[in-house]
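# Results of the structural survey
The chain contents come next:
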Amino acid sequence: FLWNIHQVLEASGGAMALEALREAYSQLLGHKCAIERFLVVGEGGLAATLKRIPHIVTLNRGKDGNVTLTPTLPAGTTKETLIAEDLQYRKQLQQKNAAAKA
């Protein structure tokens, strides 16, 4: 799923409005964007959910309050590189959580 999100944002060629993500996902990949199957979408909505994967998606809030999305990883990133980045991010979270408990 993270790879799919990266592909959609990369294909947009620039910043994408948060509200456009689901439609762009469906158009590019040919199936519904069921983010709830992979990530918990709570009261904060989609923006709060995507904020939890900063190694994949960068959220930018404009002066008008609208949120846009850009891929965090550079264009041309391979699926293997994305998986490695995700594993590294998860390790960092585990270390941070372990340090907080100590």
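Fair warning: this is a prediction, and the values are worked out from it, not measured in the lab.

Here is what the cut-offs are and how they apply
- Residues numbered from 1 in each chain as written.
- Predicted model: local features only at pLDDT ≥ 70, side-chain atom pairs only at ≥ 80, totals over all residues.
- Heavy atoms only, no water.
- Salt bridge = Lys/Arg side-chain N within 4 Å of Asp/Glu carboxyl O.
- Helix = DSSP H or I, 4+ residues; strand = E, 2+ residues; numbered from the N terminus.
- Buried < 20%, exposed > 50% of the residue type's maximum accessible area, 1.4 Å probe, protein only.
- Contact = heavy atoms within 4.5 Å.
- Axes fitted to C-alpha atoms, helices over the stretch in contact; angles between N-to-C directions.
- Parallel < 35°, antiparallel > 145°, perpendicular 65-115°, else oblique.
- Nonpolar A, V, L, I, M, F, W, Y, C, P; charged D, E, K, R; others polar.

## Some points on the pattern of salt bridges
Enumeration according to the criterion identifies two salt bridges in this entry. In this structure, R22 and E36 form a salt bridge, with 2.8 Å as the shortest nitrogen-oxygen distance. Note that R22 is positioned in helix α2 (residues 21-29) and E36 in the loop between α2 and α3 (45-51), a separation of 14 residues in sequence. By relative accessible area, which is 30% here, R22 ends up partly exposed. E36 gets classed as partly exposed once you look at its relative accessible area, which sits at 47%.

## Observations regarding the environment of L46
Along the chain, L46 falls in helix α3. It is 20 Å that separates the C-alpha atoms of L46 and L73, two residues lying 27 residues apart in sequence. Not counting residues up to four positions away in its chain, the partners in contact with L46 are L18, L21, R22, I35 and V41.

## Considerations on the packing of helix α1 (residues 2-12) against α2
Two elements in contact, α1 and α2, have axes whose closest approach is 10 Å; the angle formed by their N-to-C orientations is 95°. Taken together, α1 and α2 sit at an angle that is classed as roughly perpendicular. Contact with α1, carried on its side by N4, I5, Q7, V8, L9 and A11, involves L21, A24, Y25, L28 and L29 of α2 and no other residues of that element. The class makeup of the residues in the contact of α1 with α2 is nine nonpolar, two polar and no charged.

Read these as spatial facts, not as claims about activity.
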